[in-house]
Amino acid sequence: MLPTRRDFRFNLGSRDVLDWHEQGPYVTHFFNTLSVFFPVGERFFMNAVRHYRDQVTDPELKKAVTAFIGQEAMHGREHEAYNEAVAKAGMPVDAMEARVHWLLEELKLYSPKSMQLSATIALEHFTAIMADKLLADERIMGGSDEVMAKIWNWHALEETEHKAVAFDVWKVAMQGRPEAYASRALGLVLATVIFWPLVAEFHWRMVRADKSLKKGVVARLKGYAGLANFLFRSPGALSKTVPEWFDYFRPGFQPWDHDNRAFLERLPEFEAEMARLAHGPKAA
């Protein structure tokens, strides 16, 4: 699967970035929280893969690595604009991004390059399995704001398209090394216990900073109950990823074992729609 770098730009205009999801602000803040991680995270991924690029001899994988880096650069750029809009709306995005940046810089400073690549393929696995659920179930975006939904669908499609690239580089880099499996498994465990508590904390900070939300215990409990229902019950945006999370620990795991490339058949239509929007009136 050869990824393609696509230079899409999403005009957020004056839309309400704190309440764009049809399920309301608590679910909106969940997606906005995930976006906080992307610009810094994508740069980390690019650096981790780039370090091993000279070891890749297969010409198709070399092309895929170049396209992977290009796609991640575009994701980072568009999520930077997204995050700026959220910050302007009063959210503490800058402090959160600084925290993620510090964490990843510490990882770069104190861990070997192989562990940085292990963290990359683990986090790429997170994004790939979440992307799969978003693309498989239209309820996850539902009737949300059109442009915001497009950002997440675009990101999900391209995460699917390049989901095995970093993993294939990992196989090249770790070929013949007896610690390869243990390092890969440890990467996912550490990524899980670090990433998701941070997501929970950042979401809580978003909710606390959103002055438009009703205060009080009952209102907050109702908001969090709605988010929990969305993530774990219906449509189950996170709970449905659990089997694939565990599958990562299978010794012979490869991302395309779960072959969902049929979703990529949507890309030509998506590209045509983006071209139409680019040449038409700008989104409000």
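Counting restarts for each chain, with residues numbered from 1 along the sequence as it is written. In keeping with the model being predicted, local features are shown solely for residues with a pLDDT of at least 70 and side-chain atom pairs are shown and tallied solely at 80 or more, while totals for entire chains, interfaces and linings include all residues. Working from all heavy atoms in the structure, the side-chain values ignore hydrogens and water.

A few points about the overall build of the chain
Counted only if it meets this: Starting at the N terminus, helices and strands are each numbered in turn, a helix being any DSSP run of H or I of at least four residues and a strand any DSSP run of E of at least two. Our radius of gyration is a C-alpha quantity, and the globule rule it is checked against amounts to 2.2 Å times the number of residues to the power 0.38. Whether two residues are in contact is decided by their heavy atoms, any of which lying within 4.5 Å being enough. Neither His nor the chain termini are counted; the positive set is Lys and Arg, and the negative set is Asp and Glu. A charged residue contributes its charge at one atom only: NZ of Lys, CZ of Arg, CG of Asp or CD of Glu.
Counting its regular elements, the chain contains 10 helices and 0 strands. Along the chain, helices (α) and strands (β) appear in the sequence α-α-α-α-α-α-α-α-α-α when read from the amino end. Here the C-alpha radius of gyration of the chain, 19 Å, is about what a compact globule of 284 residues would show, namely 19 Å. Considered along the principal axes of its C-alpha atoms, the chain spans approximately 55 × 45 × 30 Å. Sequence-distant contacts, at least 24 apart, represent 84% of the contacts inside the chain between residues at least 6 apart. The distance from the centre of the 35 positive side-chain charges to the centre of the 37 negative ones in the chain is 4 Å.

Some words on a nonpolar patch on the surface
Operational definition: Residues form patches when they are more than 30% accessible in relative terms and have no salt bridge. Like charges link within 9 Å. Nonpolar side chains (Val, Leu, Ile, Met, Phe, Trp, Tyr) link within 5 Å. For the accessible areas, the method is Shrake-Rupley and the probe is 1.4 Å, while residue cover comes only from the protein chains on display. Salt bridges are defined by distance alone: a side-chain nitrogen of Lys or Arg within 4 Å of a carboxyl oxygen of Asp or Glu. For every residue, the accessible area (1.4 Å probe, protein chains only) is compared with the maximum for its type, and the residue is labelled buried under 20%, exposed over 50%, or partly exposed between those bounds.
A cluster of nonpolar side chains, namely Leu-186, Val-189, Leu-190, Val-193 and Ile-194, defines an oily patch on the protein surface of about 380 Å² accessible area. Looking at the secondary structure, you find Leu-186 in helix H7 (residues 180–209). Exposure remark for Leu-186: the relative accessible area of 41% places this residue in the partly exposed category.

Some words on unusual backbone geometry
In the segment running from Ser-234 into Pro-235, the intervening peptide bond is cis, with an omega of 10°. Within the element layout of this structure, Pro-235 appears in the loop between helix H8 (217–232) and helix H9 (242–247).

Comments concerning the packing of H7 against H8
What counts is decided by this rule: Axes, fitted as lines to C-alpha atoms, cover a helix only where it is in contact. Angles between the N-to-C directions of the axes lie from 0 to 180 degrees. For this classification, under 35 degrees means roughly parallel, over 145 means roughly antiparallel, 65 to 115 means roughly perpendicular, and everything else is oblique. Crossing handedness is defined as follows: a turn of the near helix away from the far one that is anticlockwise and smaller than a right angle gives a left-handed crossing, while the clockwise case is right-handed. Polarity classes work like this: nonpolar for Ala, Val, Leu, Ile, Met, Phe, Trp, Tyr, Cys and Pro, charged for Asp, Glu, Lys and Arg, and polar for all others, with Gly in that last group.
H8 packs onto H7 with a crossing angle of 140° between their chain directions and a minimal axis gap of 13 Å. Between H7 and H8, the angle falls in the class oblique. For the pair H7 and H8, the sense of crossing is right-handed. Judged by residue contacts, His-203, Trp-204, Val-207 and Arg-208 of H7 engage Arg-220, Tyr-224 and Leu-227 from H8. Residue composition of the contact of H7 with H8, by class: 4 nonpolar, 1 polar and 2 charged.

As for the side chain of His-155
By the secondary structure assignment, His-155 is in helix H5 (residues 146–161). With near-sequence residues (within four places) excluded, His-155 lies in contact with Phe-38, Glu-42, His-75 and His-79.

Some thoughts on the nonpolar core
Rules: Here the nonpolar core consists of buried residues drawn from Ala, Val, Leu, Ile, Met, Phe, Trp, Tyr and Cys, with membership extended through side-chain atoms lying within 4.5 Å.
Counting residues in hydrophobic clusters, the biggest one holds 88 residues, and the most contacted among them are Phe-31, Tyr-82 and Trp-152. The leading source of residues in this core is helix H1 (residues 25–51), at 14 residues. Apart from the residues within four sequence positions on either side, Trp-152 is in contact with Trp-20, Phe-31, Leu-34, Ser-35, Phe-38, His-79, Tyr-82, Leu-134 and Met-141.

Focus on the pattern of salt bridges
Within this structure, the stated rule accounts for 23 salt bridges. A salt bridge links Glu-179 to Arg-177; its shortest N-O distance comes to 2.8 Å. Each of Arg-6, Glu-158, Glu-161 and Glu-271 takes part in one network of salt bridges that share partners.

Digging into the environment of Gly-226
Here Gly-226 lies in helix H8. Of the residues examined, Gly-226 reaches a relative accessible area of 35% and is grouped as partly exposed. With 201 residues separating them in the primary sequence, Gly-226 and Pro-25 have C-alpha atoms 10.0 Å apart.

Focus: the packing of H1 against helix H2 (residues 59–88)
Packed helices, taken two at a time, are described by their axes: the angle between them and the distance between them. At a minimum axis distance of 8 Å, the contact between H1 and H2 shows a crossing angle of 150°. On the basis of their axis angle, the class for H1 and H2 is roughly antiparallel. The two elements H1 and H2 meet at a crossing, and its hand is left-handed. In this structure, H1 contributes Phe-31, Asn-32, Ser-35, Val-36, Phe-38, Pro-39, Glu-42, Arg-43, Phe-45, Met-46, Val-49 and Arg-50 to the contact, and H2 contributes Val-65, Phe-68, Ile-69, Glu-72, Ala-73, His-75, Gly-76, His-79, Glu-80, Tyr-82, Asn-83 and Val-86. Taken together, the residues of the contact of H1 with H2 sort by class into 13 nonpolar, 6 polar and 5 charged.

Remember, this is a structural readout, not a statement about activity or role.
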